[in-house]
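# Residue-level structure breakdown
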Amino acid sequence: MADFILLATADWDHPLWTNKQHVAIALSELGHRVLYVESLGLRGVRADRTDVARILRRILRGLSPPRRVRERLWVWSPLVLPGGTTGLALKLNRRSLRFGLGLASFLVGFGLRLGPRRPRPLLWTFNPLTAEYFLSLKSFRGSIYHCVDRVQAQPGMPVQRIDQAEQDLCRTVNVVFTSAPRLQEALAPLNLATYLFGNVADADHFAKAQQGSQSCPSELAGLEGPLVMFVGAIDAYKLDLLMLERLARSTPQWTYVLIGPVGETDPSTDVAPLRRLSNVRLLGRRPYADLPSYLARADVALLPLQLNDYTRHMFPMKFFEYLAAGCPVVATAIPSLEDQADVALLCAPRAEEFERAIALVLAGGGPALRQRLERAGLHTYRRRTLSMLEVLDLHGLLPADDATIGRRRQTYQHLPGTLAAQIPIALAGLLDRLGRHGQALSLLQRLQQRWPRNPALLSALEPRLLAAGQYGQALELIELLWGETADIDFLHRLLFRRGARPAVKADQLRLFATLASSQVLPMHYTGYCRVVSTYRAVDVKDEEAIRASLSPLECLLDALEQDPGTFRCLRSNRENRAKLLISAQLALLRAQLGLQDWRALDACGRRLMRCVERYRPECIDPNTAARMTRNILRCLTIEALLAWGACDASRYDRAIDQIHRLARACELPALQPYIASAQEDHPGFAAELLRHLEPCRWEASSPASRPPFEQLVGAMILVLEPRLDWSKTEKARRTFGGLAAVA
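Along each chain, the written sequence defines residue order, and numbers are assigned to residues from 1. In view of the model being predicted, local features appear only for residues whose pLDDT reaches at least 70, and side-chain atom pairs are presented and counted only at 80 or more, with totals across whole chains, interfaces and linings using the full set of residues. Only hydrogens and water are set aside; all other atoms, that is, all heavy atoms of the structure, feed into the side-chain values.

In terms of regular secondary structure, the chain is built from 33 helices and 14 strands. Principal-axis analysis of the C-alpha atoms places the extent of the chain at approximately 100 × 75 × 50 Å. We call a residue buried when its accessible area falls under 20% of the maximum for its residue type, exposed when it is over 50%, and partly exposed in between, using a 1.4 Å probe and counting protein chains only. A buried classification covers 56% of the 743 residues belonging to the chain. Here a residue-residue contact requires only that any non-hydrogen atoms of the pair lie within 4.5 Å. If you take every contact in the chain between residues at least 6 apart in sequence, the share linking residues at least 24 apart comes to 71%. The helix count covers DSSP runs of H or I at least four residues long, the strand count covers runs of E at least two residues long, and both are numbered beginning at the N terminus.

Dropping the structure here:
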């Protein structure tokens, strides 16, 4: 299960609940932990009683620790200046939010900034200014921007600032969720991982209106005529109040009940003309818990929206809430509701059209109750949140949900044991300095028998067992530490810091073959252990070990190729499935080269091409895409050499075309910052390969025109070496010489 920091644009106890509160509850009910961060204030402060009272309340809460409101759900109020998005106010807000969020995360036990391989929360933000003004997205495991409205179209918003910030945020976050078709159209070009999930409802809550157990609210008792009801914020920027006034005037036989705050977002909202009508009741705010009892008395539920920039980009939350309550719905035909015309009456925002639609419903026409309830049941927060989590898992953003996670403890829970172990660990260090390594190891092993899951002892034992060549026991401790704390730093150093490995390559082979056998550690770590052990087997020319590596590598490749998320993986670098796939593919190619099994190598090359043709650098984590370019280019070079050996000109052309495609990908704007900061010149490497491979194309109709083996030696050297070194010519000939013999 994951930890989420949900950056909302609404306070938790706002009487009109929106996506923010419901998403937080759905995530917590599905077993995830959520820290709900209340609104940061996109607009400036208005000098009215509501804003002043809200600020005073927020100051008091901001000085308090996060409050637990449900199981696995906490609410925290940040101390920020509302509307402070420039100058000194921005600097103060940044520092206050970052410090406060770090402290709040620590208090609820989240892993924010605990280390690059420790569990970190995901950021789920509704605030378009998140990255531009407030938070660094690198602090989180992953980031999601959930765009539910065109916020900048609301009155009083800094439109240009929000527009630019939202575009930058969409380009930066891992995934974008939108709630309306027009929002999807606008944001999808900015991020390939943009998904449309329309607004939904708390169907169980609003279904209470159908249960017959709801008492009639006193305000509705005695009202005459059919009740036509609207529930929600009453703001002039989205409701067509003029049309609603005309409708009420022309139908005095109907009573209109409007429930919700007036002018909360748009102070220009004027409902005085409606108040003067005898058949209109404006009831103001009502508790969320009581809304089903009001809707139970409604004969028709209204969504009298304008058609403007804001409403064309919105999906009204009330739509499915009305349906879940069993109410017939008459609504303005905005774009997001077009596919719901079979369960509601949609019309232009004109009084006469609304009047005809309402009259039809009151006469018994319109969609049937059963149809309305069935549709509402398909659009619930639980269903939608599960679908959203499936998207996050597809992209690799959710942590591994293995059997050990349930018994992991937080860092502070290990503190007493860690402190208690410091003296014996220091004593073991002293014995090491005296050259008594065996005694140091024995001391720590005896203590570990007494405290079998003490993280400090496990961490101290790991390198000593490694130095003693006790690789099986070292693996057991690594697995224990992973189960207790998700700490895998020691294994990470072994894999990716060559100085941490045993000096002798044969020992490295034995070590990584042992680590690769783990059934507990994450696949990306055991997979890289298999890759490294294969390379060491090739280095020491251990044919038996090379053959032993083939089947596990092929199983790993099968799993990665069949995983639909591999080619859309947004995990960074070493945890990225696409990178592991290419690394395993290159290791398999090198293993077959070591065995000089040209038939198996040929099949392996064809398999590689199927993978590479599915790969799109722009669909995975950009840092990873930049880093893995060289390995893919090496794989494609081997495939080109195999095509030469098979005298297959079209196959050779396909490999070279893919190298050209990846060379062009280095110019993608999303990859540019990572390409520029890379220690290796990937574009230069691709150009060097093409300089040797491109002139060797030949016509399929003329096999005799295939260039000689010697013209490809430069490309062969680049497969084996980081740069072109002609002194390695003989090594290249020995490695690939079998191609010439086969040909």
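There's more to say after this.
Although it is not a glycine, Arg72 adopts a positive phi angle of roughly 65°. Of note, Arg72 is situated in the loop between β3 (67-70) and β4 (73-76). With a phi angle near 55°, Cys647 is a residue other than glycine that sits in the positive phi range. With respect to the helices, strands and loops of the structure, Cys647 is situated in the loop between α28 (629-645) and α29 (649-665). Overall, Cys647 belongs to the partly exposed group, its relative accessible area being 33%.

Here we take up the environment of Val361. Positionally, Val361 belongs in helix α13 (residues 351-362). Look at Val361 and you get buried, because its relative accessible area is 11%. Contacts of Val361, omitting those with residues within four sequence positions, involve Asp299, Val300, Pro328, Val330 and Leu345.

It is worth spelling out helix α31 (residues 682-693) at this point. A helix is expected to reach a length of 1.5 Å times the quantity of its residues less one. Compared with an ideal rise of 1.5 Å per residue, which puts 12 residues at 16 Å, α31 spans 16 Å between its outermost C-alpha atoms and is within 8% of the ideal. Residues of α31 that are buried include every one of His682, Phe685, Ala686, Leu689, Leu690, His692 and Leu693, and no others. One face of α31 carries all of its buried residues, which in axial projection span an arc of 160°. In the core, the buried residues of α31 are packed alongside α27 (622-627), α28, α29, α30 (672-677) and α32 (713-720). Any N or O atom pair separated by 3.5 Å or less is treated as a polar contact, with the protein-specific requirement of one donor-capable and one acceptor-capable atom, and with residues adjacent in sequence counted only for side-chain atom pairs. Here α31 starts with a cap whose side-chain oxygen sits 3.0 Å from the backbone nitrogen of Gly684, and that cap is Asp681. By definition, the arc is the one covered by directions from the helix axis to the C-beta atoms.

Averaged over all residues, the pLDDT of the chain is 88; the fraction at 70 or higher stands at 92%. pLDDT runs from 0 to 100 and stands for how confident the predictor is about each residue. Here residues 112-117 is modelled with pLDDT under 50, and outside its nearest four sequence neighbours on either side it reaches 15 contacts, counting other chains as well. Low confidence marks residues 402-409, where pLDDT is under 50. Its contacts with residues over four positions away, or in another chain, come to 18 contacts.

Turning to the side chain of Asn174, a few remarks are in order. Structurally, Asn174 can be placed in the loop between α5 (159-172) and β7 (175-178). Judged by its relative accessible area of 17%, Asn174 is buried. Looking at Asn174, its side chain comes within polar contact range of the main-chain nitrogen of Ser143, at 2.9 Å. Ignoring sequence-local partners within four residues, the contact set of Asn174 consists of Gly142, Ser143, Asn191, Ala193, Leu397 and Leu570.

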